[in-house]
Amino acid sequence: MKKIVTILGARPQFIKAATLSRVFHERDLKEVIIHTGQHYDWNMSDIFFEQMAIPKPNYALSINSKHHGDMTGKMLEGIEKVLLDEKPNAVLVYGDTNSTLAGALAAAKLHIPIAHVEAGLRSFNRRMPEEINRVLTDHMSTWLFAPTTTAVNNLSKEGITQESILQVGDVMYDAVLFYQKMAQQQSDVLKRIGINSEPFILATIHRAENTNSQEKLRAIFSQLEILAKEKLVILPLHPRTKSLLDRDYSTDQFKIIDPIGYFDMILLQKHCKLIITDSGGVQKEAFFNNKFCITVREETEWVELVEHGFNFLANPISTIQTLVTQLWDREFDSKKNNLYGIGKSAEKIVDILEKNI
Ligand code: UDP
């Protein structure tokens, strides 16, 4: 039986991998999972494996909380050892984290073909660690699974051969469609947080470009604090952001909570009025849930959302207030086109891998 080694390490990768693992399981392909340990808290890692029934990793490298070079180097070393033992037919990496880059580099050096899910995304901002990881991973990959037309065009412009670029839609849409019913049945998040029927804003902030500058971080949280004088704001706080906040911002109306599981997150997205985020995944999930999104960044890789008027960049940060006022009662046009496919991306990817490895 053909063998694929999947490399994971961070929260968004668990969610993406859940969709493919399920399909691998139904097919004639053996999946071996390496968890690098980039995210390791129970509510940043284990909960996703449990809820989404992702197979337990075969290898746990436990490499966490280090500077980029140290982390990527240790991952490279650890992954290489596993690849030498396992001798897979292909390596599968997701997104744009240090685990993605280390996995791709380890495989490339051993001449193992690489499949990259979420290929072709570009912010054109080389100061973002994610941008470096994406560009390098794409240029080492054999199969570049691009979620959008923009991603395909980005790759073509960088000279990648057309046969390697495969537009398959976005596996995160598969995940929302597949898990939304389970989330409805299993999550008690609304009750737990004490939300009845009042409208609320859902917020997440974790990107290095926002958290690495105290000035920016303070500006964002001050904006959210002002909003919370009038509206309920719920913010599941990423551990890195938590460690960098200069003070406690939480109030009755500004509920800053620990990171939550995917089912809770899907439910909050479904019931909220508006989303404010700097997350890549959450921008798309806002769209899947028919919610406007205010993105606290200077640019986004998900440009089609901005072009179609579903997503708004809060640049400068002070525009958050005006955007919330403008969007609060605006109707979301749910007769939208399939910007991210039809929810069958994981199957398309596995079909291609099954035929080609
Ligand atoms: N998410 C979650 N719990 C949280 C915050 C986010 O399950 O407390 C999910 C979210 O719904 C999305 C994914 O994590 O599916 C996004 O991951 P993150 O924002 O960490 O990374 P990014 O998408 O920016 O790479």
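Right above here is the structure, for reference.
These lines cover the structure that appears in this document, whether it is placed above or below. (Residues numbered from 1 in each chain as written. Predicted model: local features only at pLDDT ≥ 70, side-chain atom pairs only at ≥ 80, totals over all residues. Heavy atoms only, no water.)

With respect to the pairing of strand β2 (residues 29–35)
By the criterion of burial, β2 is predominantly enclosed, with six of the seven residues buried. With seven bridges joining them, strand β1 (residues 2–8) and β2 adopt parallel strand pairing. Paired with Lys 2 across the bridge in β2 is Leu 29. Between the parallel elements β1 and β2, the chain passes through helix α1 (residues 11–26) in a crossover that is right-handed. One ladder, built from two bridges, connects β2 with strand β3 (residues 59–60); its direction is parallel. Within the sheet, the bridge partner assigned to Ile 34 lies in β3 and is Tyr 59. Tracing the backbone out of β2, into helix α2 (residues 46–51) and back to the parallel element β3 gives a crossover that is right-handed. (Buried < 20%, exposed > 50% of the residue type's maximum accessible area, 1.4 Å probe, protein only. Helix = DSSP H or I, 4+ residues; strand = E, 2+ residues; numbered from the N terminus. Pairing = 2+ DSSP bridges. Right-handed = clockwise from strand over helix to strand, strands pointing away.)

Some points on the pattern of salt bridges
With the rule as written, the count across this model stands at 24 salt bridges. With a shortest N-O distance of 4.0 Å, Lys 81 and Glu 77 are connected by a salt bridge. Of this pair, Lys 81 and Glu 77 both sit in helix α3 (residues 68–86), four residues apart, roughly one helical turn. For Glu 131, the salt bridge identified is with Arg 134, shortest N-O distance 2.5 Å. Linking Glu 131 with Arg 134, this pair stays in helix α5 (residues 129–140), spanning three residues, or about one helical turn. Each of the two residues, Glu 131 as well as Arg 134, counts as buried. (Salt bridge = Lys/Arg side-chain N within 4 Å of Asp/Glu carboxyl O.)

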